[in-house]
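Each chain, written out:
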Amino acid sequence: MNIRISKSKYLNGLQCKKLLWYVYHEPEEIPPPDRATQVIFDQGHLVGDYAKKLFPDGVEIDHTGTFEAGLKSTRELITKRVPVFEAALTYKQCYARADILEPVGEDQWNLIEVKSSTKLNDINYHDIGFQYYLYTGAGLKINKCYLMCIDNTYVRKGEIQPGKLLKKIDVTDAIKATYSKTVEANVAEMLDAIAAETFIEPGLGPYCNKPYQCPLLEKCRSFLPERNVFFLYRNNKLPLDLIKDGILKLAEIPDSVKLNEKHQIQVNCERTGQPYIDKEKIKAFLATIQYPAYYMDFETYAPAIPLFDDSSPYQQIPFQFSVHIEKERGAQPEHFSFLADGTDDPRPEFMARLKEVMGTKGSVIAYNAGFEMNILKKCVDMLPEYKNWVESIEERMIDLLQPFRNFAYYHPKQNGSCSIKQVLPVLTGKSYDDMEISDGGTASAQYCRVTFTEDNKDKEMVRKALEEYCSLDTMGMVDIVNKLYDLSK
């Protein structure tokens, strides 16, 4: 095998050499990125396009031809001393394409790696460290190394200003002193791992989810029983320690293992198959609800590049709401909804329509209510006339997540999660499983696709699915509260 390690494969190898082995030997076993991950990739490409606008004289290498043609074009452009995008070079058994090479002085270059994130992580330094090692090894004189990322304090006013959207961070000292120094040894280890007849089994560890969730995670966990220790609520370390001790099933965690109160409830429920119910906690929560009750849910999207004035990178923009209103306890709920249409900023109409629906008294109930309140407060930044109204909504707000997060109720079939997607089925029998759109990430991606792209022949079908999904969120909350009343008797 003619092994060549690209920077993406180098980063795979840093995370897990088993993953690296699969990349070379059994790539068909690696699942393709899901819809949410693909959206992240697409946003990254868009951010890269804006970075290139900072170098109007730049030339992009055409990599649609042969591998050798890309290398040749890079060498030719380097001699012309122009900014080069996707410059491809090799050194030993390494290969990389730099986002931006910027000429400096007579014979030096600045190396710029563009990231669509708003903050830098250790893996980003390894990324550009690999490039520095390769490019200097290939004969280039690198002056400075920069990581360019999004400035989330930027607020759009008119046309996007790439120089304000993006910030450039000098990481030269760290790259020269540390990150480029480890590349040679790391690559040697990776080449040995790739050359092996079978992969090295590292076992499960924190690297399975850091810096990214490994695409082989489910495959590597396939030896675990269905009801396993990873169901422990909000805990990543304890399951790994238990597995090392040979404890795989949640119900078989021995009494000698020190557990917190919530984990002990989970284990007890797993052993009995019965839910845990704290009637006093449930009664105390229900006593906070005042009627009429407004069950409220929002759907949003968060583009890396702000689409509208008075918005920032990755700001959540609400495009849909569903509200079910119970005028009194046990009354038939009334449903009100809004789903933005067209490509204009949806926030003004969203806020106006929502205010029309929400009365001036009674509880406002949301699941993980901090999310909805944050959306409303951000909208006030653009629409200050709603400030007093939003403050009044906050005073009435009740978080339906609270009794489940506090384990006033827990059912083993929640599988360690307190999300409405897990709570609703065990309490009411209703489920999101058969819906065309069944989660917020898909709702956001599908709405953006049919609203802002030409891939929208199924627009009406998608909009119907969005209405059904958001409506289930709020009607589901009504059903959950009614069930809590039954349990508290």
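Structure shown above.
Residues numbered from 1 in each chain as written. Predicted model: local features only at pLDDT ≥ 70, side-chain atom pairs only at ≥ 80, totals over all residues. Heavy atoms only, no water.

## As for the overall build of the chain
Heads up, the condition is: Runs of H or I in DSSP of at least four residues are treated as helices and runs of E of at least two as strands, each being numbered from the N terminus. When charges are counted, neither His nor the chain ends are considered; positive counts come from Lys and Arg and negative counts from Asp and Glu. A charged residue contributes its charge at one atom only: NZ of Lys, CZ of Arg, CG of Asp or CD of Glu.
Looking only at helices and strands, the chain features 19 helices and 14 strands. Distance between charge centroids for the chain: 3 Å, based on 60 positive and 70 negative side chains.

## A few points about the nonpolar core
The condition that has to hold: Here the nonpolar core consists of buried residues drawn from Ala, Val, Leu, Ile, Met, Phe, Trp, Tyr and Cys, with membership extended through side-chain atoms lying within 4.5 Å. Summary of the burial criterion: residues with accessible area below 20% of their type's maximum are buried, those above 50% are exposed, and those between are partly exposed, where the area comes from a 1.4 Å probe applied to protein chains only. Throughout, a contact is declared for two residues whenever any of their heavy atoms are within 4.5 Å.
Membership of the largest hydrophobic core comes to 74 residues, with the highest contact counts inside it found for Leu-354, Met-358, Leu-400, Phe-404 and Ile-480. Ranked by residue count, the leading element in this core is helix α19 (residues 459–488), at 12 residues. In contact with Met-358, not counting residues within four places along its chain, are Tyr-294, Met-296, Val-323, Val-364, Trp-389 and Ile-393.

## Concerning unusual backbone geometry
Of note, the amide linkage connecting Lys-210 to Pro-211 takes the cis form, showing an omega dihedral of 0°. By the secondary structure assignment, Pro-211 is in the loop between α8 (183–195) and α9 (217–220). Cis geometry marks the peptide bond from Tyr-291 to Pro-292, where omega comes out at 5°. Positionally, Pro-292 belongs in the loop between α12 (279–286) and β9 (293–301). One non-glycine residue, Lys-92, lies in positive phi territory at about 55°. Position of Lys-92 relative to the elements: it lies in the loop between β3 (84–91) and β4 (94–104). Look at Lys-92 and you get exposed, because its relative accessible area is 55%. Here Tyr-314, not a glycine, exhibits a phi torsion of approximately 65°, which is positive. Mapping Tyr-314 onto the fold places it in the loop between β9 and β10 (317–326).

## Considerations on the sheet that holds β10
Our working rule: Strand pairing follows a simple DSSP-based rule, namely that at least 2 bridges must link the two strands. Here an axis means a line fitted to C-alpha atoms, over the contact stretch when the element is a helix, while the angle between two N-to-C directions is reported on a 0 to 180 degree scale.
Here we have 5 strands laid out as an open sheet, ordered β11-β10-β9-β12-β13, and mixed in their pairing. Each of the sheet's edge strands pairs with one partner strand only, and the pair in question is β11 (334–339) and β13 (397–399). With strand direction ignored, the average angle separating the axes of adjacent strands in the sheet is 25°. Against the sheet, helix α13 (residues 347–357) engages β9, β10 and β11, with an angle of about 10° to β10. Together, β9, β12 (364–366) and β13 form the strand contacts of helix α15 (residues 387–396), whose direction differs from that of β13 by roughly 45°.

## Observations regarding the pattern of salt bridges
Counted only if it meets this: Basic side-chain nitrogens of Lys or Arg form a salt bridge, by our definition, when they fall within 4 Å of a carboxyl oxygen of Asp or Glu.
For the structure shown, the criterion picks out 31 salt bridges. The salt bridge partner of Lys-237 is Asp-241, with a shortest N-O separation of 2.8 Å. In this pair, Lys-237 and Asp-241 are both assigned in helix α10 (residues 237–244), 4 residues apart and thus about one turn of the helix distant. A relative accessible area of 59% means that Lys-237 is categorised as exposed. A salt bridge links Asp-399 to Arg-405; its shortest N-O distance comes to 3.8 Å. For Arg-405, a relative accessible area of 29% gives the class partly exposed. Each member of the salt-bridge network shares a partner with another, and the members are Lys-7, Glu-113, Lys-115 and Asp-127.

## Quick notes on the packing of aromatic side chains
What counts here: Pairing of aromatic side chains requires ring centres within 6.5 Å, counting the rings of Phe and Tyr and the six-membered ring of Trp. Pairs whose planes differ by under 30 degrees are stacked, by over 60 edge-to-face, and all others tilted. To sit over a ring, a charge needs its Lys NZ or Arg CZ within 6 Å of the ring centre and within 35 degrees of the ring normal.
What the rule picks out here adds up to 22 aromatic pairs. Ring geometry for Tyr-301 and Tyr-447: centres 5.7 Å apart, planes at 25°, overall stacked. Separated by 146 residues along the polypeptide, Tyr-301 in strand β9 and Tyr-447 in helix α18 (residues 440–452) bring together distant segments of the chain. Of the two residues, Tyr-301 and Tyr-447, neither departs from the other in class, the shared state being buried. Relative to Phe-452, the ring of Tyr-301 has its centre 5.7 Å away and its plane inclined at 70°; by these criteria the two rings are edge-to-face. Of this pair, Tyr-301 sits in strand β9 while Phe-452 sits in helix α18, and the two are 151 residues apart along the sequence. Phe-452 sits in the partly exposed class, given a relative accessible area of 30%. Through a chain of ring-to-ring contacts, the aromatic side chains of Phe-298, Phe-321, Phe-338 and Phe-350 assemble into a single cluster. Over the ring of Tyr-24 we find Lys-9; its NZ or CZ atom is 5.7 Å from the centre of that ring. A cation over a ring is seen here: Lys-421 above Tyr-432, with NZ or CZ 4.6 Å from the ring centre.

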